[in-house]
Amino acid sequence: MKEMIIATKNAGKAKEFIEIFSPMGYTVKTLLDFPDAPDIEETGATFEENALLKAEGIAKYFNRIVIADDSGLAIDALEGRPGVYSARYAGESKDDEANIAKVLEELKEVPEEKRTAHFHCTLALTGPCMEPVIVEGMCDGVILTEKRGTSGFGYDPIFYVPALGKTMAEMNGEEKNSISHRGNAIRKLREWVKNAEGVI
Ligand SMILES: O=P(O)(O)OP(=O)(O)OP(=O)(O)OC[C@H]1O[C@@H](n2cnc3c(O)ncnc32)[C@H](O)[C@@H]1O
Ligand SMILES: [Mg+2]
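Residues numbered from 1 in each chain as written. Chains lettered and ligands numbered in written order. Predicted model: local features only at pLDDT ≥ 70, side-chain atom pairs only at ≥ 80, totals over all residues. Heavy atoms only, no water.

**Focus: the sheet that holds strand β6 (residues 159–161)**
Read across the open sheet, the 7 strands follow the order β2-β1-β3-β4-β5-β6-β7; overall the sheet is mixed. Where the open sheet ends on each side, the last strands, each with one partner, are β2 (26–30) and β7 (166–167). In this sheet, strand β4 (residues 116–126) lies alongside strand β3 (residues 66–75) in antiparallel orientation, the contact comprising 10 bridges. Within the sheet, the bridge partner assigned to Ser 71 lies in β4 and is Cys 121. Strands β1 (2–6), β3, β4 and β5 (133–143) of the sheet are contacted by helix α2 (residues 47–62), whose axis makes an angle of about 160° with β3. (Pairing = 2+ DSSP bridges. Helix = DSSP H or I, 4+ residues; strand = E, 2+ residues; numbered from the N terminus. Contact = heavy atoms within 4.5 Å. Axes fitted to C-alpha atoms, helices over the stretch in contact; angles between N-to-C directions.)

**A closer look at the environment of Asp 69**
You can see Asp 69 is positioned in strand β3. Distance in space between the C-alpha atoms of Asp 69 and Asn 10 is 9.8 Å, their sequence separation being 59 residues. Each residue touching Asp 69, except ones within four places of it in the same chain, is listed here: Lys 13, Phe 17, Lys 54, Cys 121, Thr 122, Leu 123 and Arg 182. Separated by 2.9 Å, the side chains of Asp 69 and Ser 71 make a polar contact. (Polar contact = N/O pair within 3.5 Å; in protein donor to acceptor, adjacent residues only side chain to side chain.)

**Topic: the environment of Thr 46**
As for its position among the elements, Thr 46 is in the loop between β2 and α2. With 76 residues separating them along the chain, Thr 46 and Thr 122 place their C-alpha atoms 9.5 Å apart. With residues up to four places along the chain from it excluded, the contact list for Thr 46 reads Asp 70 and Val 84.

**Some thoughts on the UniProt feature "active site" (unreviewed entry) in the protein chain**
As recorded in UniProt, the feature "active site" (unreviewed entry) lies at Asp 70. Assessed through its relative accessible area of 3%, Asp 70 is described here as buried. Leaving out residues up to four positions away in the same chain, Asp 70 has contacts with Lys 13, Glu 42, Thr 46, Phe 47, Asn 50, Ala 51, Lys 54, His 120, Cys 121 and Thr 122. Side-chain polar atoms of Asp 70 contact the side chain of Lys 54, separated by 2.9 Å. (UniProt positions renumbered as here; feature names shortened; annotations may be inferred. Buried < 20%, exposed > 50% of the residue type's maximum accessible area, 1.4 Å probe, protein only.)

**Some words on the site of ligand 1**
If you check the shell around ligand 1, you find 21 residues, and the closest are Thr 8, Lys 54, Lys 94, Asp 156 and Lys 176. In this structure, Glu 42 approaches ligand 1 through a side-chain N or O atom, which is 2.8 Å from an oxygen atom. Using a 2 Å cut-off from the grid points, one finds that ligand 1 occupies the largest pocket. Breaking the shell around ligand 1 down by element, the ones donating at least two residues are β3 and α5 (181–195). Of all the elements, β3 adds the most residues to the shell around ligand 1, at 4 residues. (Near = heavy atom within 4 Å. 1 Å grid on protein atoms, 1.4 Å probe; cavity = no way out; pocket = protein on both sides within 12 Å on 5 of 7 lines; lining within 4 Å. Sits in = over half its atoms within 2 Å of the grid points.)

**Digging into the pattern of salt bridges**
Scanning the model with the defined rule gives 18 salt bridges in all. A salt bridge links Lys 108 to Glu 105, with the nearest nitrogen and oxygen atoms 2.8 Å apart. A salt bridge links Lys 194 to Glu 191, with the shortest nitrogen-to-oxygen separation between them at 3.6 Å. Of this pair, Lys 194 and Glu 191 both sit in helix α5, 3 residues apart, which is roughly one turn of the helix. Shared partners join several salt bridges into a network, and the residues in it are Lys 13, Glu 16, Asp 69, Asp 156, Lys 176 and Arg 182. (Salt bridge = Lys/Arg side-chain N within 4 Å of Asp/Glu carboxyl O.)

Structure follows, in structure tokens:
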């Protein structure tokens, strides 16, 4: 059996990794399956630094190859915020509703044409005796003035993707993965994973 460990405690991300890697024959495990795994502090200033911190810390713990995901929402009118602080934008409790409320409040006076944003995802794959592999994915969208849809996680209900005419929370898993920052990044890593079959 091929098993892949994703160094995340986020159930929303976990679902998306499973949707993409299961059809390739991988059993996907996350840190939700390993409650004793260490908490890695995300002290980096960039998505890449944080993805590497998580991947290296967890790879060391398991002594095997793992993948970590650091991602976030960058809003143009807020000079790229919440960015690397997306998970904890409204406080340490990592509350999706509170994060959305804070963003909507900050954008209250911003007209539709200036509400452009993108989601960013950096993935780091590393393990014992190897140089890390880093890939990135992006997805462009517009921040709505209120929530729409109930799927997904995080900022999905206010992130409208013009290409599909839906918010990310109105998409099913397949639709979101086909255009999302995470889907785009995983597709880049997928080629690497295919070539490394047997190593992972
Ligand atoms: O660090 P791990 O354990 O992976 O889980 P996390 O939720 O803390 O993940 P990050 O540190 O990478 O923070 C990413 C935040 O950005 C937001 N985000 C990332 N990808 C998203 C997506 O696909 N849809 C909606 N929001 C997303 C959401 O608020 C996440 O909590
Ligand atoms: Mg985190």
